[in-house]
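Fold and geometry: a report
What follows is each chain in one-letter form.
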Amino acid sequence: MSLRSRLLLTLGLTLALLWGVAAAWLMRDLEDKFVETLDQRLAQSARMVAGLVLQLPFEVWADAEHPVMSIPPIEGLACQVHSPQGAIMARTHADLDTVLAPGESGHTYRQAGDVTWRVFTYERGGIVITTADRMDERDMLLSDVIRIAVVPFVVALVGSMMALWLGIWRGLAPLTRLRESLANRHPDALAPVATYGLPKEIRPLIETLNALLARIQQTIIREQRFTNDAAHELRTPLTAIKTHLQVARRVEGQAAMASLNYAEEGVVRLSSTLDQLLTLARVEGRLRFDDGEASHVAEVAECALADSHAHLERFVVPDQWPDATLAMPRELAITALRNLLDNAVHHGPPETPVTLTAQWEHGESHLTFSVSDQGPGVDSATLEQITRRFWRASKQQGSGLGLAIVAAIAERFGGAVTFASPAEGGFIARLKVPVMAPTDQVSAVYE
């Protein structure tokens, strides 16, 4: 069932039920008031006749030409006057003696043939007054009153239903336009859906949909960029490997062995480039890396040093690492720090030390790793593009992805990576990463 049908059915039934209950309540109150009003009219007529009779002297009745005075009848009302001795003094209908006979005071029902009468008996000064109404005439009058009261209810109910249908149709029109707009979109169209003219209740839905489309577009862009990068960067080493293998096939001896060695170096470089590309794609693709192991600073630094492409004797490290846990997966923290160390090793002068420090104060939310070498440094233009993919300071070294991976990891977990080239020489890379709640309460700075 559609939302429009569900709303119409639910609200329509609810509205009809409420109008029906209100109408039934009103009709019942109207009937009670109607009966009460007619009974009061009947009683008031009897009291009025009694007042008039008591104002006439008794001689008027004794000298009357007819012992029983005939009172002109009132439409829908019968009346009869009895003397203290029980004799009829006046009446409106001569054929209603049974109905208008004296009885107990108050209202009662009496039957005369097929007609039911509503009778009221009143006694004053010995005079008994009896008045009566025909029930069939009362019922006809009540039916007319109810009909007049019900017609506005029916008209109001029908009008409310029409207004309800129109309101729901107009209220859900933006959803219809949105459905048509989405149905007519090209499958490859990932542009945001326009929110102009939409009610505020639907706007969060469209904003969520636009955010999803933006993420899908970013994913497609990353996949296309990965494909382009892989096709571009792997073509050269594959061509070199193929060439060296062809040379090795044609020659013999040391020349063949040298070609095979070059081909092996190309395979190693190709494997490294593929690993870097896959790591970068996983980081930018928001895949999970958490293996459940805590990222202690000391363990991350030791693993990064062990995985680097240089001997441990070349690194200068502090005697003690901060007692803190990084708020990021251990694997990515090691990868980012190792790439900074490899970059310093590759671009610094051979056999010169590379310094690794960690700065953190108790209570701070971030820790900063610093990696510095004693190389010639870089200019400001190079600093601006140093994290670009496949950018190399030297065409013969590296894949050009190491610092791009570091920047992607830092961005993903709310950190940052910055670079500096002091005037006195050298190069400094600083990796700022988030820290979880510390276990050591001692504040210190480690350099």
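This one's a predicted model, so the numbers in the text were calculated from it and none came from an experiment.

Some points on the pattern of salt bridges
- This model, assessed by the stated rule, comprises eight salt bridges.
- Among the salt bridges present, the one from Arg138 reaches Asp133, with a minimum N-O distance of 3.5 Å. Across this residue pair, the class does not change: Arg138 and Asp133 are buried.
- The shortest N-O distance in the salt bridge between Asp144 and Arg147 comes to 2.8 Å. You can see Asp144 and its partner Arg147 sitting in helix α3 (residues 135–171), three residues apart, about one turn around the helix.
- In this structure, a network of salt bridges that share partners links the residues Asp39, Arg41, Arg118, Asp133 and Arg138.

Some points on the packing of aromatic side chains
- With the rule as written, the count across this model stands at three aromatic pairs.
- Taken together, a centroid distance of 6.4 Å and an interplanar angle of 15° make the contact between Trp165 and Trp169 stacked. Note that Trp165 and Trp169 are positioned in helix α3 at a spacing of four residues, about one turn of the helix.
- Under the relative-accessibility criterion, Trp169 is labelled partly exposed at 45%.
- Judged by centre distance (5.8 Å) and plane angle (20°), the rings of Phe419 and Phe427 are stacked.
- For Phe427, a relative accessible area of 7% gives the class buried.

What about helix α4 (residues 173–183)?
- Among the residues making up α4, those that are buried are Ala173, Pro174 and Leu178. Relative to the axis of α4, the buried residues are bounded by an arc of 140° and lie together on one face. In α4, the exposed residues that point more than 90 degrees away from the buried face are Arg179 and Ala183.

A closer look at the packing of helix α1 (residues 3–55) against α3
- Two elements in contact, α1 and α3, have axes separated by 10 Å at closest approach and are oriented at 160°. Comparing the axis directions of α1 and α3 gives the class roughly antiparallel. Crossing angle aside, the handedness with which α1 passes α3 is right-handed.
- Among the residues making up the contact of α1 with α3, the classes are represented as 29 nonpolar, two polar and four charged.

Looking at the sheet that holds strand β8 (residues 315–316)
- The five strands lie next to each other as β8-β10-β11-β13-β12, forming an open sheet whose pairing is mixed. Unpaired on one side and paired on the other, β8 and β12 (416–420) mark the two borders of the sheet.
- As judged from the five bridges shared by β12 and strand β13 (residues 427–434), these two strands associate in the antiparallel manner. Counted as the bridge partner of Ala420 is Ile428 from β13.
- Packed onto the sheet, helix α8 (residues 330–347) meets β8, β10 (354–359), β11 (366–373), β12 and β13 and runs at close to 20° relative to β11.

What about a negative patch on the surface?
- Residues Asp29, Glu31, Asp32, Glu36 and Asp139 make up a contiguous surface patch of negative charge.
- The biggest single contributor to the negative patch is α1, with four residues.
- Examined against the element boundaries, Asp29 turns out to sit in helix α1.

Topic: a nonpolar patch on the surface
- Residues Leu3, Leu7, Leu11 and Leu175 make up a contiguous nonpolar surface patch of roughly 280 Å² in combined accessible area.
- The element best represented in the nonpolar patch is α1, accounting for three residues.
- Considering the arrangement of structural elements, one finds Leu7 in helix α1.

So, the environment of Asp323
- By the element assignment, Asp323 lies in the loop between β8 and β9 (325–326).
- A sequence separation of 25 residues divides Asp323 from Ala298, and the C-alpha atoms of the two residues are 7.7 Å apart.

A look at the side chain of His82
- The residue His82 is located in strand β2 (residues 77–82) in this model.
- Polar contacts involving the side chain of His82 include one to the main-chain carbonyl oxygen of Leu100, which spans 3.1 Å.
- Contact partners of His82, with chain neighbours within four places excluded, come to Ala87, Ile88, Met89, Leu100, Ala101, Pro102, Gly126, Ile127, Val128 and Thr130.

Re the nonpolar core
- Core analysis: the largest hydrophobic core is formed by 45 residues, its most contacted members being Leu326, Leu356, Phe369 and Leu431.
- Considering every element that reaches this core, the biggest residue donor is α8, with nine residues.
- In contact with Leu326, not counting residues within four places along its chain, are Ser295, Val297, Val300, Ala333, Phe369, Val433, Pro434, Val435 and Met436.
- Listed in part, the 15 residues of the second largest apolar core include Ala43, Val53, Leu77 and Tyr122.

What counts as what
Residues numbered from 1 in each chain as written. Predicted model: local features only at pLDDT ≥ 70, side-chain atom pairs only at ≥ 80, totals over all residues. Heavy atoms only, no water. Salt bridge = Lys/Arg side-chain N within 4 Å of Asp/Glu carboxyl O. Buried < 20%, exposed > 50% of the residue type's maximum accessible area, 1.4 Å probe, protein only. Helix = DSSP H or I, 4+ residues; strand = E, 2+ residues; numbered from the N terminus. Phe/Tyr/Trp six-rings, centres within 6.5 Å; stacked < 30°, edge-to-face > 60°. Arc of directions from axis to C-beta. Axes fitted to C-alpha atoms, helices over the stretch in contact; angles between N-to-C directions. Parallel < 35°, antiparallel > 145°, perpendicular 65-115°, else oblique. Left-handed = near helix turned anticlockwise from the far one by under 90°. Nonpolar A, V, L, I, M, F, W, Y, C, P; charged D, E, K, R; others polar. Pairing = 2+ DSSP bridges. Contact = heavy atoms within 4.5 Å. Patch = residues over 30% accessible without salt bridge, like charges linked within 9 Å, V, L, I, M, F, W, Y side chains within 5 Å. Areas by Shrake-Rupley, 256 points an atom, 1.4 Å probe, with all protein chains shown as cover. Lys, Arg positive; Asp, Glu negative; His and termini not counted. Charge placed at Lys NZ, Arg CZ, Asp CG, Glu CD. Polar contact = N/O pair within 3.5 Å; in protein donor to acceptor, adjacent residues only side chain to side chain. Core = buried A, V, L, I, M, F, W, Y, C linked by side-chain atoms within 4.5 Å.

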